[in-house]
Amino acid sequence: MIEVVREFSIEEVQQIEVRLAQGDVQVGAGAVSAVSVRARIHDVSDEALEITLQSGRLFVGHRGLGESGNGFWPYPAIDIELIVPAAADPLMSVNTGKGDVRLDGIRRIAVVKT
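Predicted model only: the values in this text are computed from it and were never measured.

J.: So, the sheet that holds strand S10 (residues 109-113): which residues are in play, and what are the values?
T.: Pairing within the open sheet is mixed, and its five strands lie in the order S5-S6-S2-S8-S10. Each edge of the open sheet carries a strand with a single partner, namely strand S5 (49-54) and S10. Recorded for the sheet is a direction-independent mean angle of 10° between the axes of neighbouring strands. Sheet analysis places strand S2 (residues 15-20) next to strand S8 (residues 91-96), joined by six bridges and oriented parallel. From the neighbouring strand, Leu 20 faces S8, where its bridge partner is Thr 96.

Take a look at the structure:
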């Protein structure tokens, strides 16, 4: 298993999108000053993982996965943990083909699909 950790300034993040073929997603609001992303890839490399921030949209998920979020193979499971500042209000969407989703303290949820 490989673990990847990234942090982003909350001023830069207006929307968060998580899209996985398979993997668990946990998002929470806390006493932090930045958006923290922790990804655990159940594979020997991190090449399946994409974490990008463009035009205020933070994307976390499987690289090259289509909008549908389906098709479990050949994608390895990736478990995502996100922590956002409690005072922040990013728009959240989560799409996972197979996995559990937990959202705690997130006020603006656009889509949750599993």
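J.: Give a description of the pattern of salt bridges that names residues and reports values.
T.: One pass over the full model with this rule turns up seven salt bridges. Glu 17 is paired through a salt bridge with Arg 19; the nearest N and O atoms lie 2.9 Å apart. Relative accessible area serves as the criterion here: at 8%, Arg 19 is assigned to the buried category. Note that Asp 104 and Arg 102 form a salt bridge whose closest N and O atoms lie 2.8 Å from each other.

J.: Quick one: what's the story with the sheet that holds strand S3 (residues 25-30), residue by residue and with numbers?
T.: An order of S1-S4-S7-S3-S9 is seen for the five strands of this open sheet, with the pairing classed as mixed. The open sheet has two free edges, formed respectively by strand S1 (2-9) and strand S9 (101-104), since each of these has just one partner strand. Each neighbouring strand pair of the sheet contributes to a mean axis angle of 10°, computed without reference to strand direction. Across eight bridges, the pairing between S1 and strand S4 (residues 34-41) is antiparallel. Bridging from a neighbouring strand, Glu 3 pairs with Arg 40 of S4.

Criteria and thresholds
- Residues numbered from 1 in each chain as written.
- Predicted model: local features only at pLDDT ≥ 70, side-chain atom pairs only at ≥ 80, totals over all residues.
- Heavy atoms only, no water.
- Pairing = 2+ DSSP bridges.
- Helix = DSSP H or I, 4+ residues; strand = E, 2+ residues; numbered from the N terminus.
- Axes fitted to C-alpha atoms, helices over the stretch in contact; angles between N-to-C directions.
- Salt bridge = Lys/Arg side-chain N within 4 Å of Asp/Glu carboxyl O.
- Buried < 20%, exposed > 50% of the residue type's maximum accessible area, 1.4 Å probe, protein only.

Honestly, that's just the spatial picture; any functional story needs more than this.
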